[in-house]
Amino acid sequence: MRLERREHRPLLLLIGAPIAAIVAALALSGILIAIAGAPVLDAYRRILMGAFGSRLSATETLTRATPLILTGLAAAVAFRARLWNIGAEGQFYFGAIAVAAFGSKLLADLPGPMLIPLLLVIGAIAGMVLILVPLWLRLRFSVDEVVTSLLMNFIAVLFVSMLIDGVLKDPLAFGWPQSQPVADHATLPKLIARSRLHIGLAIAIVLAVVVYLVQSRTVFGLQSRAAGLNPQGALFAGVPLGRTLVKVACLSGGLAGLAGAIEVMGVKGYVTTDLSPGYGYAGIVVAMLANLNPIGVVFAALFTAIMFVGADGMSRSLGIPTYIADVTVALALLTMLVALFFTQFRIRR
């Protein structure tokens, strides 16, 4: 047997492969659920009920999906150009702490219609600043950005911890390490009354469409795809590789920083060191599940949010550990990688 690259990939194969990967992941997770002594179909039904069975659960699922869409877009944009940004977690925290600093002190006196968009831009810029460090090390010294961007996550979280224990510490938090809250008029409007679902979801979906159009309809999108497919060929064709990677990095880091800003302004109102349950790392999984497609990122983020939120309800009712959600998402990533491999290659005997 030998592997042969496909010259043409049918549309049915491209659509069916991700669906088959999700089904395979659910089937493999079902084996673990059965071993735990719970009925498999009933467990998955309870996951859906836990995610969309009530108004509260549905809004919580969509709220959880919002930062996942943005961090997934951040990973998808970077990976498409072979810029391996593993630092979305740190960029998320940088965007969050920048919003806390400017929204609670420096710009708190501005009116809401001016303050909200300004804080979103500041959060995005903070994420850009953090990713430019590993990019500069790659372009200047050929240092692998996988390692440097990953290490920047720990540096960012420690830096945020220092700030919320120091100059940004909330004096009304009874000693609890958290930042001062952003001004009330700096919070994002709610999409549904008496819920945590905010306008950040609409912003994330709009940005997914914008990123898709940029990648598919602009010169920059073509250059970034060329840089990812064949850097040497792109250079030979006249693509300014360094400049293109800087633009890609700014877009990727900006999306991750914006995720942190939106989480603070839409949900928490302040920053703690446990603000993110791993949104930056989960964004990598979301991007891979979507095959780096910006529109697919929205659905992949929704699937991931369903598993995380629905698993809580299933765990309480059936006594199964909530970690089954992490296992299912991880299996979905592995099966997706296998499915994507066979969309590019076929086996010949």
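Everything here concerns the structure above.
Residues numbered from 1 in each chain as written. Predicted model: local features only at pLDDT ≥ 70, side-chain atom pairs only at ≥ 80, totals over all residues. Heavy atoms only, no water.

## Some details on the overall build of the protein chain
When you go through the protein chain residue by residue, the secondary structure sums to 13 helices and two strands. A compact globule built from 349 residues should have a C-alpha radius of gyration of about 20 Å, and the protein chain, at 21 Å, falls within 12% of that. Across its three principal directions, the C-alpha atoms of the protein chain cover 70 × 60 × 30 Å. Within the protein chain, buried positions represent 50% of all 349 residues. (Helix = DSSP H or I, 4+ residues; strand = E, 2+ residues; numbered from the N terminus. Rg over C-alpha atoms; globule rule 2.2 N^0.38 Å. Buried < 20%, exposed > 50% of the residue type's maximum accessible area, 1.4 Å probe, protein only.)

## Side note on the nonpolar core
One finds Ile-69, Ile-97 and Val-271 to be the most contacted residues of the largest nonpolar core, which totals 105 residues. When residues in this core are grouped by element, the largest group, twelve residues, is from helix H10 (residues 241–268). If near-sequence neighbours (up to four positions away) are discounted, Ile-97 is found in contact with Val-160, Leu-163, Ile-164, Leu-168 and Val-271. (Core = buried A, V, L, I, M, F, W, Y, C linked by side-chain atoms within 4.5 Å. Contact = heavy atoms within 4.5 Å.)

## What to know about the environment of Val-157
By the element assignment, Val-157 lies in helix H6 (residues 145–164). Given the relative accessible area of 26%, Val-157 is considered partly exposed. Separated by 68 residues in the primary sequence, Val-157 and Glu-89 have C-alpha atoms spaced 8.6 Å apart.

## Here's the deal with the pattern of salt bridges
Following the criterion strictly, the structure yields seven salt bridges and no others. With a shortest N-O distance of 2.8 Å, Arg-45 and Asp-42 are connected by a salt bridge. In this pair, Arg-45 and Asp-42 both sit in helix H2 (residues 40–52), three residues apart, roughly one turn of the helix. Residue class for Arg-45 comes out partly exposed when judged on its relative accessible area of 44%. One salt bridge connects Glu-60 with Arg-196, and the closest N-O pair in it is separated by 2.8 Å. You can see Glu-60 sitting in helix H3 (residues 55–80) and its partner Arg-196 sitting in the loop between H6 and helix H7 (200–217), a full 136 residues away along the chain. When salt bridges with common partners are traced through the structure, they connect Arg-2, Glu-4, Arg-346 and Arg-348 into a single cluster. (Salt bridge = Lys/Arg side-chain N within 4 Å of Asp/Glu carboxyl O.)

## Quick notes on the side chain of Ser-224
With respect to the element layout, Ser-224 can be found in helix H8 (residues 219–229). The residues contacting Ser-224, other than those within four sequence positions of it, are Arg-80, Ala-81, Thr-244 and Val-248.

## Let's talk about the packing of helix H4 (residues 88–106) against helix H5 (residues 112–141)
Relative to each other, H4 and H5 sit at 140 degrees, their axes nearing to 8 Å. When the interaxial angle is binned, H4 and H5 end up oblique. Remark: the crossing between H4 and H5 carries right-handed chirality. In this structure, H4 uses Gly-90, Gln-91, Phe-94, Gly-95, Ala-98, Val-99, Phe-102 and Gly-103 to contact H5, whose residues at the interface are Leu-119, Ile-122, Gly-123, Ala-126, Gly-127, Leu-130 and Ile-131. Across the contact of H4 with H5, the residue classes break down as nine nonpolar, six polar and no charged. (Axes fitted to C-alpha atoms, helices over the stretch in contact; angles between N-to-C directions. Parallel < 35°, antiparallel > 145°, perpendicular 65-115°, else oblique. Left-handed = near helix turned anticlockwise from the far one by under 90°. Nonpolar A, V, L, I, M, F, W, Y, C, P; charged D, E, K, R; others polar.)

## Topic: the environment of Met-114
Within the secondary structure, Met-114 sits in helix H5. Taking the relative accessible area as the measure of exposure, Met-114 reaches 46% and is therefore partly exposed. Taking C-alpha positions, Met-114 is 36 Å from Arg-82, a pair spaced 32 residues apart along the chain.

## Looking at the packing of aromatic side chains
Across all of its chains, the model carries seven aromatic pairs by this definition. With a centroid separation of 5.7 Å and 50 degrees between ring planes, the pair formed by Phe-92 and Tyr-279 is classed as tilted. Residue Phe-92 is found in helix H4, and its partner Tyr-279 is found in helix H11 (residues 279–289); the two are separated by 187 residues along the sequence. For the residue pair Phe-92 and Tyr-279, the accessibility class agrees, reading buried in each case. Between Phe-94 and Phe-159, the aromatic rings sit 5.7 Å apart at their centres with planes inclined by 40 degrees, giving tilted as the arrangement. (Phe/Tyr/Trp six-rings, centres within 6.5 Å; stacked < 30°, edge-to-face > 60°.)

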